[in-house]
Structures are given as C-alpha cells and as structure tokens.
There are 2 protein chains.
Amino acid sequence: MTTSQTVDGARPRGPLSGVLVIDLTHVLNGPFGTALMADLGARVIKIEPPVHGDDTRSNPPYVGGKSLYFACVNRGKESIVLDLKAEEDRAIFLSMVKQADVLTENFRPGVMDRLGFSYEELAKINPRLVYASSSGFGHTGPLATFPAYDTVIQAMSGLMDATGFPGGPPTRVGTSISDLCAGTFMYAGITTALFERERSGKGAHVDIAMFDSTLAFMEHPFMAYAATGEGPERIGNRHPSMAPFDVFQAKDKPFVICCGNDHLFSLLANMLGLHELIDDPLFRTNDDRNRNEAALKTRLEAIFATQDAAHWLSAIHDAGVPVAPLLTVAEAATLEQTKVRNMVVEAGGMKMPGNPIKISGFPDSDRRTAAPDLDQHGASLRAEFGS
Amino acid sequence: MTTSQTVDGARPRGPLSGVLVIDLTHVLNGPFGTALMADLGARVIKIEPPVHGDDTRSNPPYVGGKSLYFACVNRGKESIVLDLKAEEDRAIFLSMVKQADVLTENFRPGVMDRLGFSYEELAKINPRLVYASSSGFGHTGPLATFPAYDTVIQAMSGLMDATGFPGGPPTRVGTSISDLCAGTFMYAGITTALFERERSGKGAHVDIAMFDSTLAFMEHPFMAYAATGEGPERIGNRHPSMAPFDVFQAKDKPFVICCGNDHLFSLLANMLGLHELIDDPLFRTNDDRNRNEAALKTRLEAIFATQDAAHWLSAIHDAGVPVAPLLTVAEAATLEQTKVRNMVVEAGGMKMPGNPIKISGFPDSDRRTAAPDLDQHGASLRAEFGS
C-alpha cells in the first residue's frame, strides 16, 4: 500500500475545489482534460460502461497488473459503472447531472443525442451546467462523424506532412499530440465557461475538436501555406528561418545549437576557431547562413565529430551561445529540474507526468491519488445520488 | 482595405468580455495564449519595447509587407510602446496594472523582479491581479534561467528523441509545439485563476513552463520509461501496440489505416482478398500482428502499390475500416470541415489558424481584427491610463 493509495478519496485543495465533474470521457483526449481538473482540486466522477469499463483498462504496458495508460489519465477520479440505457442507472446519472457543474463526454457526435442526453436536454434540468464535448472533428461539419484517431488527425491536419526530413517520409509525432492538445483545449474551454458562468449564471456547450486543436498549432507550416498557397517542405530539425539552429552530431551523440543572430554566430565561430566564417559571404548574415545551411552544417560537424557532446555543451555554453543536450524521456524524467517542478508524480505506485498548471496558493504535490478500480466508488455514489 | 481592418477596435463578444489583459509577452508562447484570450473577447493591451517592438515584427514570411508570424499571434490586440525603465512610462504601466484583471509575461525569470514588477510587488497594488508567467523551464529549479527555445525544449523533454523512425535520427516536430502548448497551458491557468478569483476575490501567480507543458504531453514514451526505466525506441508512424495502424504507401502517395482490433483486421483482409491472413498464426491476433508488423506491412503494401490512395481510401472506408488521407497543410486548410469550423480566419488580409475553443452563445467569426501596428493605440492608451 503506497502513500498515494492510502490517501485515496482525499482530493487536493486547488483552484477547482468544489467543482463537481460528471465524466463520461474514455480513452485519451477527454480523460487527459479531466485528469487536469482532478489535479487542480475538482471532484471528477468517471462513469464507465458495463462490463469492462474504459477500454484502456486493458491497454499495455502494465505495472502491478494495472494499465499505466489508464492510470495516467484517470488519477484522482472516482469510478462508477452505469448502464446509460437502463432506467435505474439513467436516474442516477440525471441526479448527478442536476448537481454537477461540468459534464464531459468524448463520444462520436450523435451518441449523447441518441441517449437523450444532448446539451439541450441536460441544460433543461441544470441551466448552469457546463457541458463539454471533445471529438475528432467537432459537432458540426461534413466530417463530424468521420472515425477519428490521433493518427488520423495528425495525418489530416498536415502535422505529419510537416514533420520529418527533406526527401524523407511524413512523420508522426512520437506522442498522441492531437489527443492531448484537444484534452487541454477542452480543459481551457471548461474553465473559460465556468468563469463566464460566475458572471452570467448560465452554463454553455463547449465543443472541442482534435482536428481544430491540431490546426491551431500549425504555426510555421500554416504560414507557408498562407503566404504562398502551398504547404512547406519538411525541414527536419532545423529552424525555418535561422541558422545554425539545428541538431548537430558530436562524436558520441547529437546535441542542439540555437544561434538566432549574427552576434551569437560570431561567438560560436570564434570559439570553434572558425574565425574566417564570420566574414565569409556564404555565412555572414543569418539570411546567408540560412541559404547555405547544409554547407555550414558540414563545416561545423567536421569539428563536432572530434569530441563528445558533453564537451561541446560545456564549451559552447561558456561562449555564450544557446546550446542544449538531446535527452531521452528517461533522462528528462530524472533531471533535477523535473523533480523540483513535480513533473513526475506518483499515483498508485506508478510514475507519470505531473500537472503543468502551477497556481500560487495551492499545493502541487508529487503524490496523487491513484486511478480508481472499476466501480470502486459505485456503492457510495449510488447511495449519494440514488433516489 | 479588408473588412477585418475596418472593424479594427471592435472586440468580439465572448466569454472573456470585460477582462482586461496587460500583455508583456513577446515572440510565440505567451502571445499565442493571449491571442486566444482576445479571440474569446478579452481586451488585450500589448506593451512593446522601444524602438522596434516585438522581435517577431520582422520575422518572415511577409504578406503585404507585414510579418505573418507577428500577425497570427497578435490579432485582436492593442499596441502601445512603453519604456519600462522610464519613470513616466512606468507610471502608465502601473496605472494599467491597477485596473487589470490579468498580467502576462514571458521574460526569462528574474527580469520582472529587476524591473520591480514581481508578482509580490504588483499584487500589493492589485490583489485581484492574475499574474501569468510563461517561461522555458518555469520560475523554480536549477534550470530556471537556462536559455530556452522551442528546439531546446523539444530536445530536452525527450519529445525529439521519441519522434522519428527506427534506425533514423531524433526528429523535431514540424511546428513549435513546446511554445504552443505552453501558451495553451498559460491560457488554461489564467482562466482557472480567474474562475477561482470570482469565488475568493484573490488573484494568483500562474507559473507555466514550456518544459513542464511538453513533459505533460509525453504519454506513450513516458509510459515506456515508467514501466521499464528506459525510454522507448522510435517507432516511426506506427501505433505502439496496434497493427496494422500506420501510414501505408499507395501507388501515388501515402495514406493511413487504423485497425484497432481483430474484427477490423478481418474486414480489411477480406476486402483485400487476403483471407488467408486472418487465421495465419503470424497475424491472427493484434499481439501477433504487432510482433510481425514489418512482415504484415510488406504484404499489405504489395497490394496498395497497385492503386492510387484515392482508390484505397474509398474501398477500405466502405469495408468499415478506419482510414484517412495524409494531407498537406494547404489541403487541410481548404477542407470543407475547416471552413465550417472557422478554423481558417482572416485578419488584416492574412489567413491564419482560427480559435479551437468553441463555446455556445458566443459568435466565432472567420474574421478577426488585425494585429496592431507598433504603438497603434499608444496615444489613446496614454490618454486613458495617463495621470
């Protein structure tokens, strides 16, 4: 029994304390958003379907027989199994909705309507309800019911096309970024609507799409399209308009240099003994270096190949040029910085990423309540919300 | 003169209407967060330094002589140039702070303290102030003042290490994802603190780090670390635990198949005439297919090479298997879905991504007020907030 398990049921005091969330979300994008709410003090009641609950309860990898996937994005929540097509369970659900501040769902658009639980219906029994939907393409438009997975959204938003190397294939981001940014925007939409409700007294329907959320992040690739009507070429690890601003290979492993202007470049060139590059017409200005970026990289990597990354990180940093190591997740997770920021937390004996929203006046513990077992709080919740 | 320019100064009605934001942020991560606030109705006053203002005003690409980069993340804001080291301008700034709901800044930690504008100082003159900082590594810990760029954070969080192909190099996400997710978490922290303030009457310091924000998104790679103590191998475009769930090459271009279970695989195999695969011990269960993913991909791509992607998208979709095109940004931006969702907006004659936070009861226009010229609102703001 770890500490985090013994404190089960004790919610952290947070800016969302007192907020009751009825959470119908499953898999990743919605649960990520409501886990943030639980982290910040909300009471989140996760409603799971019979018989096996959220599909991700059986997703690998496992620690101590439990799914890490499920554990990460459901920490701090309560669980009850409800059959939303059975009369008695529907009554319990509606009793919860009457008292709730927030309802969250990430079903395919139309599912909640067919259950009789559309925003319009639930607002009738609780006009203060903030009802948040997170779906692949949103609740409007011709693709509203198109099957959406993170990979589909990365592919259809242009993100995959924009990631990777010149001449190489389109590349998926190595994390389910479209799910996670949608969960974050869902969280942001909910807190926005809660703030507005404090002033107007009225709830609202928050309609978040993984597709919209990913498009909102398209930045440089989108600018290329907006300026020229065409998508950009993939540019690998380099900056679109600065050089040298890229990953470079040292003798043992790669590292990063971020040289954003001519002054920094002169510091770098002098430190490397490449004084002649500073006035070389190929490399004199950032525009020159950007145009001749491949030639510059060859020159620099010929030198970097002579020493390990640790040497260059120290020498280039001391020269006053921004430089950084390229770390694995394991290395990132064990940095002192990560520990000080509580960005690895433990819940139910498992390690997972912490909460990035730090607000003064509230504790931000490195221990969180474990994700619930299926229907762990079913009996007490039925007693609390039953007729 | 476009419509969007003629409506300059008319803020959209939104859930943040009436909220006054004093915005000291510059470049990308902070401005992205405050642009979301402007999109949702807040009044955002951007304070820029003499002489040239925000550095990104001179960032390419340009449309009509103006930086698209600056235009995208500063739409809907007012601009005033203030010298925060000059007495008269400091007085105007403090007069703004007294009336503000929110102050935002993304300087390196320590800069605001040295200006005399720490949270503690500003809270003395406005205890209701929500003061949001967004920085590379946050305001605590040994890396707090380490120079941070998006590429540095992608490299140090493990994201770059997790993105790319087996045997290939670590790969930067083709958009400044660490800047943008930090801006989104800053927005989320601000709205959370505003909600809490409605109940407590007190402001707070919101402390967001690009590093924390990116770690929070590490999901599958982090799970591999948490389960084994080591980072994951790069897996290219495939799903970490399902197959076939990947990008496949058709005759003309790549497309995506998302086959999450045995039933979907049997539908796919039957449609392709590969009936024998369904009971092949190499491919029978998802675990089998995942283990023999490369062999399966070879079998499938031999068939996909015979027809264009359009053929397979239609045939596989009709067979009931999730499938999707791999689009460029230009293709994504011109989808009917994108138009219906207002995810391409126009401001100052430029196209840019729209606002993904859709909240019922408020308009979500495809026209936004242009980003301001430098000091465009200086005179009127000096009149409003001067002594």
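Everything quoted here is computed from the prediction, not taken from an experiment. By convention here, each chain's residues receive numbers from 1 onward along its written sequence. Each chain takes a letter, starting from A, and each ligand takes a number, starting from 1, following the order in which they are written. Totals for whole chains, interfaces and linings use all residues, but because this is a predicted model, local features are given only for residues with pLDDT of at least 70 and pairs of side-chain atoms are given and counted only at 80 or more. As a rule here, side-chain values come from all non-hydrogen atoms in the structure, and water together with hydrogens is ignored.

(A) A look at the pattern of salt bridges. Throughout this description, the term salt bridge denotes a Lys or Arg side-chain nitrogen within 4 Å of a carboxyl oxygen of Asp or Glu. Evaluated as defined, the whole model comprises 50 salt bridges over all chains. Arg299 of chain A is the salt-bridge partner of Glu276 of chain A, the closest N and O atoms lying 2.9 Å from each other. In this pair, Glu276 of chain A is assigned in the loop between α12 (262–271) and α13 (286–291) and Arg299 of chain A in helix α14 (residues 293–304), connecting sequence segments 23 residues apart. For every residue, the accessible area (1.4 Å probe, protein chains only) is compared with the maximum for its type, and the residue is labelled buried under 20%, exposed over 50%, or partly exposed between those bounds. Relative accessible area serves as the criterion here: at 33%, Arg299 of chain A is assigned to the partly exposed category. Among the ionic pairs, Lys46 of chain B bridges to Asp54 of chain B, the shortest N-O distance being 2.9 Å. Comparing Lys46 of chain B with Asp54 of chain B, the two get one shared label, buried. Where salt bridges share partners, they join Asp39, Arg75, Lys358, Asp364 and Arg368 of chain A into one cluster. Runs of E in the DSSP output that reach at least two residues are strands. Runs of H or I that reach at least four are helices, and both are numbered from the N terminus.

(B) Local environment of the packing of aromatic side chains. Only the six-membered ring of Trp is used, alongside the rings of Phe and Tyr, when aromatic pairs are assigned; centres must lie within 6.5 Å, and planes under 30 degrees apart are stacked while those over 60 apart are edge-to-face, with the rest tilted. Under the defined criterion, the tally for this structure stands at 22 aromatic pairs over all chains. Taking 5.4 Å as the distance between ring centres and 90° as the angle between the ring planes, the aromatic pair formed by Phe245 of chain A and Tyr149 of chain B counts as edge-to-face. Linking Phe245 of chain A in strand β9 (residues 245–249) with Tyr149 of chain B in the loop between β7 (130–135) and α7 (150–156), this pair reaches from one chain into another. Residue Tyr149 of chain B is classed as partly exposed on the basis of its relative accessible area, which comes to 28%. Only lysine NZ and arginine CZ atoms are considered, and such an atom sits over a ring when it is within 6 Å of the ring centre and within 35 degrees of the ring normal. Over the aromatic face of Phe248 of chain A sits the side chain of Lys297 of chain A, whose NZ or CZ is 5.5 Å from the ring centroid.

(C) Seen up close, the sheet that holds strand β14 (residues 358–359) of chain B. If you walk across this open sheet you meet the seven strands as β5(A)-β2(A)-β1(A)-β6(A)-β7(A)-β8(A)-β14(B), and the pairing is mixed. Each having just a single partner strand, β5 (78–81) of chain A together with β14 of chain B make up the two edges of the open sheet. Working rule for contacts: check all heavy atoms of both residues, and any pair within 4.5 Å makes them a contact. The angle between two axes is taken between their N-to-C directions and runs from 0 to 180 degrees, where each axis is a line fitted to C-alpha atoms and a helix contributes only its stretch in contact. Contacts from helix α4 (residues 87–99) of chain A reach β1 (20–23), β2 (43–48), β5 and β6 (102–105) of chain A within the one sheet, and its direction differs from that of β1 of chain A by about 145°. Criterion used throughout: strands pair if DSSP finds at least two bridges between them.

(D) Local environment of the pairing of strand β9 (residues 245–249) of chain B. Residues and elements named next belong to chain B. With respect to burial, β9 is a largely interior element, four of its five residues being buried. Relative to strand β10 (residues 254–258), β9 is paired through five bridges, and the arrangement is antiparallel. Considered in β10, the bridge of Phe248 is made with Phe255.

(E) A look at the relation of the copies chain B and chain A. Turning chain B through 180° and shifting it by 0.0 Å along the axis lays it on chain A, with an RMSD of 0.0 Å. Both copies are brought into coincidence by an operation consistent with a two-fold rotation axis. Least squares is used to superpose the copies, and the fit set is the C-alpha atoms of residues whose pLDDT is at least 70 in both copies.

(F) Region of interest: the packing of helix α2 (residues 29–39) of chain A against helix α9 (residues 177–200) of chain A. Residues and elements named next belong to chain A. Packing of α2 against α9 leaves a shortest axis separation of 7 Å and a crossing angle of 45°. In terms of their interaxial angle, α2 and α9 are classed as oblique. As α2 packs across α9, the resulting crossing turns out to be right-handed. Residues Asn29, Gly30, Phe32, Gly33, Thr34, Leu36 and Met37 of α2 pack against Asp179, Leu180, Ala182, Gly183, Thr184, Met186, Tyr187 and Ile190 of α9. Tallied by class, residues from the contact of α2 with α9 come to eight nonpolar, six polar and one charged. The labels follow the angle: roughly parallel below 35 degrees, roughly antiparallel above 145, roughly perpendicular from 65 to 115, and oblique for the rest. Working rule for handedness: look at the near helix, and if it is turned counterclockwise from the far one by less than a right angle, call the crossing left-handed; if clockwise, right-handed. Any residue that is not Ala, Val, Leu, Ile, Met, Phe, Trp, Tyr, Cys, Pro, Asp, Glu, Lys or Arg is counted as polar, Gly included; the first ten are nonpolar and the last four charged.

(G) Structural detail: the interface of chain B and chain A. Contacts between the two partners involve 126 residues from chain B and, on the opposite side, 126 residues from chain A. When two parts are put together, the accessible area they lose, computed with a 1.4 Å probe and summed over both, is reported as buried area. Across the interface of chain B and chain A, roughly 10700 Å² is buried in total on both sides, 71% from carbon and sulfur atoms. When the buried area of chain B at its contact with chain A is split by residue, Phe195, Val329 and Gln337 of chain B rank highest and sum to 7% of it. The interface formed by chain B and chain A holds four salt bridges in total. Residue Arg341 of chain A is joined to Asp207 of chain B by a salt bridge in which the shortest nitrogen-to-oxygen separation is 2.8 Å. In protein, a polar contact requires one atom able to donate a hydrogen and another able to accept it; more generally it is a pair of N or O atoms within 3.5 Å, and residues adjacent in sequence count only if both atoms are side-chain atoms. Remark: the boundary between chain B and chain A carries 37 residue pairs in polar contact (both at pLDDT 80 or more). Considering each element in turn, the side of chain B that touches chain A owes the most residues, 16 residues, to helix α9 (residues 177–200) of chain B. Its residues placed into classes, the side of chain B that touches chain A shows 80 nonpolar, 33 polar and 13 charged. Pairing between strand β14 (residues 358–359) of chain A and strand β8 (residues 204–209) of chain B: two bridges, direction antiparallel.

(H) Summary view of the nonpolar core. In this text, buried Ala, Val, Leu, Ile, Met, Phe, Trp, Tyr and Cys residues form a nonpolar core when linked through side-chain atoms within 4.5 Å. Core analysis: the largest hydrophobic core is formed by 155 residues, its most contacted members being Val19, Met37 and Met156 of chain A together with Val19, Met37 and Met156 of chain B. In contact with Met37 of chain A, not counting residues within four places along its chain, are Leu16, Val19, Val21, Ala42, Val44, Val102, Tyr187 and Ile190 of chain A.

(I) Main features of the packing of α4 of chain A against helix α18 (residues 378–385) of chain A. Residues and elements named next belong to chain A. Put simply, α4 and α18 touch, their axes get as near as 9 Å, and they point 70° apart. By the angle between their directions, the pair α4 and α18 is classed as roughly perpendicular. Of the two elements, α4 crosses α18, and the hand of that crossing is left-handed. Together, Asp89, Ile92, Ser95, Met96 and Gln99 of α4 and Leu381, Arg382 and Phe385 of α18 make up the contact between the two elements. When its residues are assigned to classes, the contact of α4 with α18 shows four nonpolar, two polar and two charged.

(J) Quick peek at the sheet that holds β9 of chain B. Residues and elements named next belong to chain B. The strand order across the open sheet formed by three strands is β9-β10-β11, and the pairing between neighbours is antiparallel. Strands with a single pairing partner mark the edges of an open sheet, and in this sheet they are β9 and β11 (323–325). Neighbour-to-neighbour, the strand axes of the sheet open up by a mean angle of 25°, direction not taken into account. Relative to β11, β10 is paired through three bridges, and the arrangement is antiparallel. In the strand pairing of β11, Ile257 is matched with Val323.

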